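Below are the chains, spelled out letter by letter.
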Amino acid sequence: MELLELMKHRRAIRRFDERQIEEEALQQILEAGLYAPSAGGRQGVLFAVCQDRAVNERLGKIKRANSKPKMATATAYVSKQQPSIADDPNLKNAFYNAPTVITFFAPKNFLFAGEDCACAAENMMLMADSLGVGSCYIGQGWTAFADPYGQEILKKWEICTDYFAVMQLLLGYPKGGDDHPTSKPRRDGRILRF
Ligand SMILES: Cc1cc2nc3c(=O)[nH]c(=O)nc-3n(C[C@H](O)[C@H](O)[C@H](O)COP(=O)(O)O)c2cc1C
């Protein structure tokens, strides 16, 4: 697929098949993240890949419990085709039962933590889409660890206390039978030329 076509095709996927993603696809997606730009070329982001469904489910539920999204209205919503936790109050897992959840950790005192993670995530989401793997960017990653179980997991994963969870990237095959989501129309007036 042409690069621009791929970018237009990638959409946030929140309904996943039970199947775990192929290891080869995961390796390519991770490599795409490793080659992302980083501030000062520091490559400071750590990618913690969790494929333990019980852990992912529990962290996703903690995150949902800690999230207070502005709930959707008839005219203002995130997605009707792939509802988010802001669209459907019945969704109790902020990771939407994705079989693979990657938490991006960055140093706490690092000014460009968010930017570095976002660059890596976009590389990875595009790579994923090109391989038929669905992905979803999840912001405010730290909220998944904001209780005793989350803290226990950080210790188990041996995450240095100088690092924090910036975000998560969900990966999994899109649920069979769902149409690939369509993008919202692009808002006008966002390009300013002088
Ligand atoms: C910084 C950021 C944070 C996001 N956080 C969440 C989130 O917590 N939960 C979620 O379901 N989607 C989240 N998303 C995905 C967006 O909702 C999604 O990208 C947006 O609705 C546009 O849809 P598209 O990705 O299909 O173009 C996030 C995206 C970005 C860039």
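Residues numbered from 1 in each chain as written. Predicted model: local features only at pLDDT ≥ 70, side-chain atom pairs only at ≥ 80, totals over all residues. Heavy atoms only, no water.

**Notes on the packing of aromatic side chains**
Aromatic ring pairs are described here by two measures, namely the spacing of the ring centres and the angle between the planes. This is how it is decided: Centres within 6.5 Å make a pair out of two Phe, Tyr or Trp rings, where for Trp the six-membered ring is used; the pair is then stacked when the planes are under 30 degrees apart, edge-to-face when over 60, and tilted otherwise. Every helix listed is a DSSP run of H or I at least four residues long, and every strand listed is a run of E at least two residues long, numbered separately from the N terminus. Per-residue accessibility, obtained with a 1.4 Å probe over protein chains only, is compared with the maximum for each type, and a residue is labelled buried under 20%, exposed over 50%, and partly exposed between these values. Think of it as a cone above the ring: NZ of Lys or CZ of Arg counts as a charge over the ring if it is within 6 Å of the ring centre and within 35 degrees of the ring normal.
According to the stated counting rule, one finds 5 aromatic pairs in the structure shown. Considering the side-chain rings of Phe105 and Phe145, the 5.9 Å spacing of their centres and the 45° angle between planes classify their relative orientation as tilted. One end of the pair, Phe105, is in strand S2 (residues 100-107); the other, Phe145, is in the loop between strand S3 (134-138) and helix H5 (148-156), and 40 residues separate them in sequence. Note on accessibility: Phe105 and Phe145 belong to one class, buried. Ring geometry for Phe110 versus Phe112: centroids 6.3 Å apart, planes at 75°, classification edge-to-face. Grouped by ring-pair contacts, the aromatic residues Phe105, Phe145 and Trp157 constitute a single cluster. When the ring centre of Tyr77 is taken as origin, the NZ or CZ atom of Lys80, which lies over that ring, is 3.9 Å away. Between the NZ or CZ atom of Lys184 and the centre of the ring of Tyr77, over which it lies, the distance is 5.2 Å.

**What about a nonpolar patch on the surface?**
Test applied: Exposure above 30% relative accessible area and no salt bridge define the residues that can form patches, which grow by joining like charges within 9 Å and nonpolar side chains of Val, Leu, Ile, Met, Phe, Trp and Tyr within 5 Å. For accessible areas, the Shrake-Rupley method is used with a probe of radius 1.4 Å. Any residue's cover is judged against the shown protein chains and nothing else. Every case where a carboxyl oxygen of Asp or Glu lies within 4 Å of a side-chain nitrogen of Lys or Arg is listed as a salt bridge.
Together, Leu3, Leu4 and Met7 make up an exposed nonpolar region whose accessible area comes to about 290 Å². Following the sequence through the fold, Met7 ends up in helix H1 (residues 3-9). Its relative accessible area of 36% is what places Met7 among the partly exposed residues.

**Points about the pattern of salt bridges**
Opposite charge on two side chains allows them to pair when their charged atoms are near. Applying the stated criterion across every chain, the model contains 3 salt bridges. Here Asp17 and Arg19 are joined by a salt bridge, their closest N and O atoms 3.6 Å apart. Ionic pairing is found between Lys61 and Glu57, a salt bridge with its closest N-O pair at 2.8 Å. In this pair, Lys61 and Glu57 are both assigned in helix H3 (residues 53-66), 4 residues apart and thus about one turn of the helix distant. On the basis of relative accessible area, Lys61 is assigned to the partly exposed category, the value being 40%. The exposure class of Glu57 is partly exposed, given its relative accessible area of 34%.

Everything listed here is a matter of geometry and, on its own, says nothing about what the molecule does.
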